[in-house]
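This is what each chain is made of:
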Amino acid sequence: MKNQTMITSVFLMSLSDDQKIIYILFTIFLLIYLMTFLSNFLIILLVVTCAHLHTPMYCFLGNLAFLDMSYSSVTAPRMLFNFTTQDWSISFPECIAQMFFVIYFGVSEGFLLSSMSYDRYLAICRPLHYSQVMSWGAYIQLVSLVWSSALLVPTIYTLCLKRLIFCGPNYIHNFFCDLPHLFQISCTDTSINVLLLTVVGGVLSIIAFVATFCSYVMIISTVLKIRSSDGKRKAFSTCTSHLTVVFIFYVSVTFTYFVPNTSNLLTLNQVVTVIYALITPLLNPLIYSLRSKDLKAAMQRQRTVLQ
């Protein structure tokens, strides 16, 4: 190992070698990023400025919007910069930092979606006790737990990378740095790190998924007991948007971290990665804004004030 040359930079994957396609992809991804940033920022602005949105439900949504805005800002600007310079290299410390925040915001979103499902469970299944259980104190504690506990995961992963030696090849089959791809450029045994990723990531994903799944099982069983068809429709309408976001999130995470990155699935993994990193942060605010009457009303009020 002493004769191995430590790498100081990493080359990310270019999505195309054709200059015309690169211009097209740059334009598309720039528009997606701008729409993602602005739409999520708009939700945050509405939640902060509109008094009738000062409820735990919409404050959770504001946190989700901040997460999506932050996650896309970790990956998209660097990719757009690489498109313009045609230089797909990134220094190794920058690569590690990007990996850290990709994992941090991803884990935070999983935990936050579970918290949002618990909030919906209380609102639908225990409406008389909702204000007592989901008080502002409980909301602050829950959100603080989400942000702080998620920080432990990338910290553990990053510290465990210190036992590895990275000597190349310094080419990553992805347009941003992520943990599974860093394992591929290590010249030391990564079995312990892969096991840690599988166990820690798998256990946390299962816990978050089971918490979300159990909440919605109880929600659906409660809604089915409602005799009024109009009442059922209103109850389901408050959950459809969240269930859609949860489905997209877990499908993307499964393909990104738990499906082997083999040559046969390389193209599929790349497509899913693009969806997970760029498309999903844009879909979330669109899904919620289209399904929420309160958000639509808040947007209309702001538009009227501006006019």
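Treat the numbers as computed from the prediction; the structure is a model and nothing was measured. (Residues numbered from 1 in each chain as written. Predicted model: local features only at pLDDT ≥ 70, side-chain atom pairs only at ≥ 80, totals over all residues. Heavy atoms only, no water.)

Caption draft 1: The arrangement of empty space enclosed by the protein in detail. As enumerated under the stated definition, the model contains 3 cavities of 30 Å³ or more in all. By volume, the second largest cavity is sized at about 60 Å³. Considering the residues around the second largest cavity, the lining is formed by Asp68, Tyr71, Phe105, Gly106, Glu109, Phe249, Tyr276, Thr280 and Pro281. Counting residues per element, the ones that place at least two in the lining of the second largest cavity are α2 (56–85), α3 (92–125) and α9 (266–291). (1 Å grid on protein atoms, 1.4 Å probe; cavity = no way out; pocket = protein on both sides within 12 Å on 5 of 7 lines; lining within 4 Å. Points joined across faces, edges and corners; volume = space filled by probe spheres on them. Helix = DSSP H or I, 4+ residues; strand = E, 2+ residues; numbered from the N terminus.)

Caption draft 2: Region of the structure containing the UniProt feature "transmembrane region" (unreviewed entry) in the protein. Look at the UniProt record and you will see "transmembrane region" (unreviewed entry) annotated at residues 21–49, 95–116, 136–157, 195–224, 236–259 and 271–290. Between the end C-alpha atoms of residues 95–116 the distance is 31 Å, and the span holds 100% helix and 0% strand. Structurally, residues 195–224 is divided into 100% helix and 0% strand, and its ends, taken at the C-alpha atoms, are 42 Å apart. (UniProt positions renumbered as here; feature names shortened; annotations may be inferred.)

Caption draft 3: Focus on the packing of aromatic side chains. A full pass over the atoms with the stated rule returns 16 aromatic pairs. A ring pair is formed by tyrosine 104 and phenylalanine 105, whose centres lie 5.4 Å apart and whose planes are at 45 degrees; its orientation type is tilted. Overall, phenylalanine 105 belongs to the buried group, its relative accessible area being 10%. (Phe/Tyr/Trp six-rings, centres within 6.5 Å; stacked < 30°, edge-to-face > 60°. Buried < 20%, exposed > 50% of the residue type's maximum accessible area, 1.4 Å probe, protein only.)

Caption draft 4: Just the state of the cysteines, in detail. One pass over the full model with this rule turns up 1 disulfide. Disulfide pairing places cysteine 95 opposite cysteine 177 at an S-S distance of 2.0 Å. Handedness here is read from the sign of the S-S torsion; for cysteine 95 and cysteine 177, about -115 degrees, the answer is left-handed. With a gap of 82 residues between them, cysteine 95 in helix α3 and cysteine 177 in the loop between α5 (136–160) and α6 (179–184) connect regions that are remote in the sequence. Neither cysteine 95 nor cysteine 177 differs from the other in exposure class; each is buried. (Disulfide = S-S within 2.5 Å.)

Caption draft 5: How the structure looks around the nonpolar core. Among the nonpolar cores identified, the biggest contains 88 residues, and Phe29, Leu161, Leu182 and Leu278 are the most heavily contacted of them. Ranked by residue count, the leading element in this core is α3, at 17 residues. The contact partners of leucine 182, leaving out residues within four places of it in the chain, are Phe92, Cys95, Ile96, Met99, Leu161, Phe166 and Ile172. (Core = buried A, V, L, I, M, F, W, Y, C linked by side-chain atoms within 4.5 Å. Contact = heavy atoms within 4.5 Å.)

Caption draft 6: Quick look at the pattern of salt bridges. Within the structure shown, the criterion is met by 2 salt bridges. In this structure, glutamate 94 engages arginine 78 in a salt bridge whose closest nitrogen and oxygen atoms are separated by 3.8 Å. Residue glutamate 94 is located in helix α3, and its partner arginine 78 is located in helix α2; the two are separated by 16 residues in the primary sequence. A salt bridge links arginine 120 to aspartate 119; the nearest nitrogen and oxygen atoms lie 2.9 Å apart. Arginine 120 sits in the buried class, given a relative accessible area of 9%. (Salt bridge = Lys/Arg side-chain N within 4 Å of Asp/Glu carboxyl O.)

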